[in-house]
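# Topology and contacts: notes
Now for the letters of each chain:
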Amino acid sequence: MTRLAPLSPAGPESDLSAEESSADGPPVTRWWRARIVVPSALALGYVLNVLFRLSLVTKQNFPTANPDESMYLVMARILAGRPTTSIPNDQVIPAGYSLLISPALRLTQDPVLAYHLVMGTNALISCLVLPLAYWGLRRLDVSRPVAYIGATLVTVVPPVVFYSQYAMADTPLPVLILAWLIGVHGLFSEGTRKRRVLFALLGAFAAGYCLLTHDRGGVIVALTGLVLLVALVLGRAPRIATASALALLAVMFVLKQLMTTWMISQIDGAAPSQVGNAVFETLGNPHLLRRTVMRMIGHLWYFITSTWGLGAVALVVCVCAVLSSRFTPANRVVAFLMVALLGGIALAAAAGLPNDHRIDTVVYARYLSLLVPAYLLAAVAALYHVRGWKKTLALGVAAGGVTLALAAALLHMASKQWGDWFFVLWGLPDATFLTSLVGKGWDGFHAAYATVVAMAVFAVVMLLRLLGGDRRAGLATGVVGVVLVAFAAFATVTVTDHVNKEFVADRLDDGTGFIEKAGIRPGDRLVMDDDVRWEIRMTTSYMVLDGRVWTRFLLTKDAPPAEANVAVLALYDKKAPATASWPGAPAGWHVDRDVRQGKNEYVVWRRG
């Protein structure tokens, strides 16, 4: 395989462009090299992708992916200067994403409008993948047209779009990962000292903000610190650049600690997240080793199939880059980081997730989704640069072998779980979409069928690339990109229709439906009994945006807070009067609403 060399330090737009290379035949028309064309195309693509995302969430009025969404939204409201309230699970998670969406909660007291503004903010953030992906491919010496197509592909794939439809930290993480890898790549590429310092600071800031955004950022910061320390000691990059990056990493770490401490001080009874503790406890327990390995394999399998085998192409290329001196130092370092981060997050997620008897815990989609754009870009670059049908075929066979090996190991280790365990469709959107293409529907999990469909898509990709040969490698890669863009857009829309929209419709009575039926008014201060439906309690912590919410054991031991003026308690006996829902109601409280509809049966009490 040919070396994926970066462009010169002067920047991709000032060099002889990749499309002018004789290896790909005659050059494309001059208009692609015009200074105004690329910025205009990126701006237009950005706007269209924002509109595409917004069209998918037009009827989404409240958080549904709980407790995560409500946790981020509660922290965002506090950062926006609004009154404190209870936080789901009483755990404070990193608040970097909440800081990004907090301006939306400053603009209105209407929780529905505020949520719409959050979705708009998500779209603006998520679509930054487009220019960063284009930049990354240009640094890998991919021609402008193919780089644009590849960037469009990673902007519309389901793992990137799907999570931007929720108020969750998974929205900015793919953007931060691309900025991080570009920064590290620039640090280890040839260039002026000033240029390399700026790249180093970009990489360090992106890595640090990942830490501010999610616990996965701990793995990213650890890897970044390791690479920077080695480079500093061995002099593999300007020491002023590596030292500056290490200093910025330290500042971001301290900032994260300070932000968490401040957030805990603002929320009654809150404590730091215990995810990290769970990971180390599991890794230190030999009795859970098989379960951890099974889950790790499942997460890697899901990652590879959700990228239709292209993730395996990138993985094979990255491993080759790490082991071969034929690749540039910048590419080798970035390849190491990509492989190490993939394995590190898969291992941490496998160890940290609870033992909840869910299939989607074994093959969870979310935690590795932040790497989908980076791996797809590496695959596009590999297909663009590989020469010779034997090498192309060998790359395809190796990637297919990795995918099939993961599938075989997963089926062997987890086959007993498929029949006994359940899954939440939200946790397996990509795999379920693949199986739906062979008529298996959306109500079952079929790892073997998902693998077969993913491999069929991969076979089409490799066939199209092989047909291009060496002389038209760029054209063939562009055609592959166009085909995959269309398939990715179709997959994203389909997943939204069958997962996201169904999820919203199913939980209507937990969000705006509850607020309406319970008669919650602006400024209400609401205490909910711990036995009220979990989904209602999680969603309401955000929906009462201009008041506040508490959760208490009202039936057994707790009195309502002195500030509370509304109480909600579950109703167990349908034949009992509403007053039986709270036998020990304090003086001054009376029944205001008696709701007995479907799965939601509760009584609303008011003071005074």
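See the structure shown above.
Everything numeric in this text was worked out from a predicted model, so none of it was measured.

### Re the overall build of the protein chain
Along the protein chain, the regular secondary structure elements total 23 helices and seven strands. Taken against the 2.2 N^0.38 rule, which gives 25 Å for 608 residues, the C-alpha radius of gyration of the protein chain at 26 Å falls within 12% of a compact globule. If one aligns the C-alpha atoms of the protein chain with their principal axes, the spans along those axes are about 85 × 55 × 55 Å. The 608 residues of the protein chain split such that 59% are buried. For the protein chain, restricting intrachain contacts to residue pairs at least 6 apart in sequence, the fraction spanning at least 24 positions comes to 75%.

### Observations concerning the layout of surface pockets
The gaps of empty space that remain are located by a probe, the size of a water molecule, rolled over the atoms. Put simply, the largest pocket is a space of about 1,500 Å³. Along the walls of the largest pocket sit 49 residues, with Asp-68, Val-275, Leu-353, Arg-366 and Tyr-367 positioned nearest its centre. At the level of elements, helix H2 (68-79), helix H10 (217-234), helix H11 (239-266), helix H12 (275-283), helix H15 (329-352) and helix H16 (359-362) are the ones that each hand at least two residues to the lining of the largest pocket. Of the residues belonging to the lining of the largest pocket, the class tally is 27 nonpolar, 13 polar and nine charged.

### What about the side chain of Thr-403?
Relative to the assigned elements, Thr-403 resides in helix H18 (residues 389-420). Ignoring sequence-local partners within four residues, the contact set of Thr-403 consists of Trp-301, Ile-304, Thr-305, Gly-309, Ala-312, Thr-451 and Met-455.

### Focus: the nonpolar core
In terms of nonpolar packing, the biggest core is built from 191 residues, with Ile-177, Trp-180, Trp-301, Val-363, Trp-426, Phe-445 and Phe-514 touching the most fellow members. In terms of residue count, helix H17 (residues 372-385) provides more of this core than any other element does, twelve residues in total. Contacts of Trp-426, omitting those with residues within four sequence positions, involve Ala-65, Phe-162, Tyr-163, Tyr-166, Met-168, Tyr-364, Arg-366, Val-499 and Phe-503. Core analysis: the second largest hydrophobic core is formed by twelve residues, Leu-571, Trp-582, Val-603 and Trp-605 among them.

### Here's the deal with the pairing of strand S5 (residues 566-570)
Among the five residues of S5, five are classified as buried, and the element is accordingly described as predominantly covered. Note that S5 and strand S7 (residues 600-607) share five bridges and pair antiparallel. Opposite Val-566, over in S7, you have Arg-606 as the bridge partner.

### Overview of empty space enclosed by the protein
Counted under the stated rule, the structure contains six cavities of 30 Å³ or more. A volume near 320 Å³ is recorded for the largest cavity. Taken together, 21 residues form the lining of the largest cavity, with Leu-140, His-185, Val-334, Met-338 and Ala-378 sitting closest to its centre. Contributions of two or more residues to the lining of the largest cavity are made by helix H5 (129-139), helix H8 (173-187), helix H14 (310-323), H15 and H17. The class makeup of the residues in the lining of the largest cavity is 17 nonpolar, three polar and one charged.

### Section: the packing of helix H1 (residues 37-56) against helix H6 (residues 144-156)
Two elements in contact, H1 and H6, have axes whose closest approach is 11 Å; the angle formed by their N-to-C orientations is 15 degrees. On the basis of their axis angle, the class for H1 and H6 is roughly parallel. The handedness of the crossing between H1 and H6 is right-handed. Contact residues: Val-38, Ala-41, Leu-42, Gly-45, Asn-49 and Arg-53 in H1; Arg-144, Tyr-148, Thr-155 and Val-156 in H6. When the residues that make up the contact of H1 with H6 are grouped by side-chain class, the tally is five nonpolar, three polar and two charged.

### Thoughts on the pattern of salt bridges
Taken as a whole and assessed by the stated rule, the structure comprises 14 salt bridges. Arg-216 is the partner of Asp-170 in a salt bridge, and the nearest nitrogen-oxygen pair spans 2.8 Å. Taken together, the positions of Asp-170 in the loop between helix H7 (158-163) and H8 and Arg-216 in the loop between helix H9 (193-213) and H10 put the pair 46 residues apart, joining distant regions of the chain. Of the two residues, Asp-170 and Arg-216, both sit in the buried class.

### Description of the sheet that holds strand S6 (residues 589-597)
Ordered by their spatial adjacency, five strands build an open sheet running S4-S3-S5-S7-S6, and the pairing between neighbours is mixed. Of all the strands in the sheet, the pair left with one neighbour each is strand S4 (548-552) and S6. Neighbour-to-neighbour, the strand axes of the sheet open up by a mean angle of 20 degrees, direction not taken into account. Here strand S3 (residues 525-529) runs beside S5; their pairing, made up of three bridges, is parallel. Bridging from a neighbouring strand, Met-528 pairs with Val-568 of S5. Lying over the sheet, helix H23 (residues 534-543) contacts S3, S4 and S7, oriented at roughly 165 degrees with respect to S3.

### Side note on H8
Since the α-helix turns once every 3.6 residues, residues separated by three or four places project in the same direction. The terminal C-alpha atoms of H8 lie 21 Å apart, and with 15 residues this matches the ideal 21 Å at 1.5 Å per residue to within 8%. Most of H8 is tucked away, with 15 of its 15 residues classed as buried.

Procedures and definitions
Residues numbered from 1 in each chain as written. Predicted model: local features only at pLDDT ≥ 70, side-chain atom pairs only at ≥ 80, totals over all residues. Heavy atoms only, no water. Helix = DSSP H or I, 4+ residues; strand = E, 2+ residues; numbered from the N terminus. Rg over C-alpha atoms; globule rule 2.2 N^0.38 Å. Buried < 20%, exposed > 50% of the residue type's maximum accessible area, 1.4 Å probe, protein only. Contact = heavy atoms within 4.5 Å. 1 Å grid on protein atoms, 1.4 Å probe; cavity = no way out; pocket = protein on both sides within 12 Å on 5 of 7 lines; lining within 4 Å. Points joined across faces, edges and corners; volume = space filled by probe spheres on them. Nonpolar A, V, L, I, M, F, W, Y, C, P; charged D, E, K, R; others polar. Core = buried A, V, L, I, M, F, W, Y, C linked by side-chain atoms within 4.5 Å. Pairing = 2+ DSSP bridges. Axes fitted to C-alpha atoms, helices over the stretch in contact; angles between N-to-C directions. Parallel < 35°, antiparallel > 145°, perpendicular 65-115°, else oblique. Left-handed = near helix turned anticlockwise from the far one by under 90°. Salt bridge = Lys/Arg side-chain N within 4 Å of Asp/Glu carboxyl O. Expected span 1.5 Å × (residues − 1).

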